[in-house]
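Single-letter residue listing:
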Amino acid sequence: MIRVAVSGAAGRMGQAVCEAVEAADDTELSGRADPALGTGLADVLGEADVVVDFTTPDTALANAEACLAAGVHVVIGTTGFDLDRLEAAAEASRANCFVAPNFAIGAVLLMEVAQTIAPHMPECEIVELHHDKKLDAPSGTAKRTAELIDVAGGNVHEPIHSVRLPGLVAHQEVIFGGEGQTLSIRHDSIDRRSFMPGVLLAVREVGGLPDRFTVGLEKLL
Ligand code: NAP
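What comes next is a walk through the structure. (Residues numbered from 1 in each chain as written. Predicted model: local features only at pLDDT ≥ 70, side-chain atom pairs only at ≥ 80, totals over all residues. Heavy atoms only, no water.)

A cluster of acidic residues, Asp82, Asp84, Glu87, Glu91 and Asp211, forms a negative patch on the protein surface. Structurally, Asp82 can be placed in the loop between β4 (73-76) and α4 (83-91). We classify Asp82 as partly exposed; its relative accessible area is 38%. (Patch = residues over 30% accessible without salt bridge, like charges linked within 9 Å, V, L, I, M, F, W, Y side chains within 5 Å. Areas by Shrake-Rupley, 256 points an atom, 1.4 Å probe, with all protein chains shown as cover. Salt bridge = Lys/Arg side-chain N within 4 Å of Asp/Glu carboxyl O. Lys, Arg positive; Asp, Glu negative; His and termini not counted. Charge placed at Lys NZ, Arg CZ, Asp CG, Glu CD. Helix = DSSP H or I, 4+ residues; strand = E, 2+ residues; numbered from the N terminus. Buried < 20%, exposed > 50% of the residue type's maximum accessible area, 1.4 Å probe, protein only.)

If you want it as structure tokens, here you go:
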């Protein structure tokens, strides 16, 4: 059994992760940290093999540093903070850190397909659409998609358009434009359960990863 503590356990994603961890046969929920529950990360670290963090851009780095300093592996889904500092903390620790801007398999496949298209149709723009409570813009998924397209297509800084509206969950469209044609690829997370198989995969794999710091669910597939 992998003992999993969830940081941000009272949040939209955190609650879904707690349910997924409780439902899986090989994981057990060892702790829930969240200001709303009156429990801090320090209260749950001692009982955990892995911490899953879905909190806020201003707390995720310190949370991850605390896990790594305690020698506890950490899986991070929080977006909108400085990954360079996180990488430095991971490299200096004796635990592993795995980060994914998007844990949904469909979104990962969208990024893969975008890299295939980019060399042939290098002009593109990204439209990301999320619920109106999301704190960061553009989304971590959109920034990562743009980075991957840059590398694959030699493109520089595709524009990213951010839409925030009630009713949305997490959606992204990449529109490629060429002479007399366009090609659009789109992914929609319509329920937060879409992220859970990816989160559980990361929980199972993080302890055995060859590097202290790994970014992107595609590395585990
Ligand atoms: P949310 O509903 O606002 O949940 C965040 C929770 O974290 C809140 O309950 C918050 O409590 C709590 N929190 C704040 N500081 C904390 C700390 N120091 N320790 C523990 N808990 C703390 O947000 P969400 O919609 O679940 O999203 C969370 C993050 O996940 C966002 O960055 C979002 O972009 C990201 N996300 C990633 C993916 C992915 O696949 N990687 C998918 C969806 C969302 P208070 O409300 O009291 O501050």
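Bringing the pairing of strand β1 (residues 2-7) into the picture now. Counting buried positions along β1 gives five out of six residues, so the element sits mostly inside the fold. Bridge count between β1 and strand β2 (residues 27-33): six bridges; the pairing is parallel. When the bridges of β2 are listed, Ile2 appears paired with Thr27. Each parallel crossover has a hand, and the one from β1 via helix α1 (residues 12-23) to β2 is right-handed. When β1 meets strand β3 (residues 50-53), the two strands line up parallel, connected through four bridges. Its bridge partner being in β3, Val6 is matched across the sheet by Val52. (Pairing = 2+ DSSP bridges. Right-handed = clockwise from strand over helix to strand, strands pointing away.)

What follows concerns unusual backbone geometry. Along the chain, Ala137 connects to Pro138 via a cis peptide bond; the corresponding omega equals -5 degrees. Among the structural elements, Pro138 can be located in the loop between β6 (124-130) and α6 (140-153).

Let's shift gears to the site of the ligand. With respect to spatial proximity, 24 residues lie near the ligand, and among them Met13, Asp34, Thr79, Phe103 and Lys134 are the closest. Interatomic distance of 3.1 Å between a backbone N/O atom of Gly77 and a nitrogen atom of the ligand. Taking 930 Å² as the accessible area of the ligand by itself, protein coverage stands at 77%. (Near = heavy atom within 4 Å. Polar contact = N/O pair within 3.5 Å; in protein donor to acceptor, adjacent residues only side chain to side chain.)

Below, the discussion takes up the packing of aromatic side chains. Applying the stated rule across the entire model yields two aromatic pairs. Between Phe98 and Phe103 the ring centres are 6.1 Å apart and the planes differ by 55 degrees, which places this aromatic pair in the tilted class. In this structure, Phe98 and Phe103 share a single accessibility class: buried. Aromatic rings pair up to connect Phe54, Phe98 and Phe103 into one cluster. (Phe/Tyr/Trp six-rings, centres within 6.5 Å; stacked < 30°, edge-to-face > 60°.)

Between the first and last C-alpha of α6 there are 20 Å, a value that for 14 residues agrees with the 20 Å anticipated at 1.5 Å per step. For α6, the complete set of buried residues consists of Gly140, Thr141, Ala142, Arg144, Thr145, Ala146, Leu148 and Ile149. For α6, the elements touching its buried residues are α5 (105-117), β6, β7 (160-164), β8 (170-178) and β10 (213-215). A positive phi of about 65 degrees marks Gly154, the residue just after α6. (Expected span 1.5 Å × (residues − 1). Contact = heavy atoms within 4.5 Å.)

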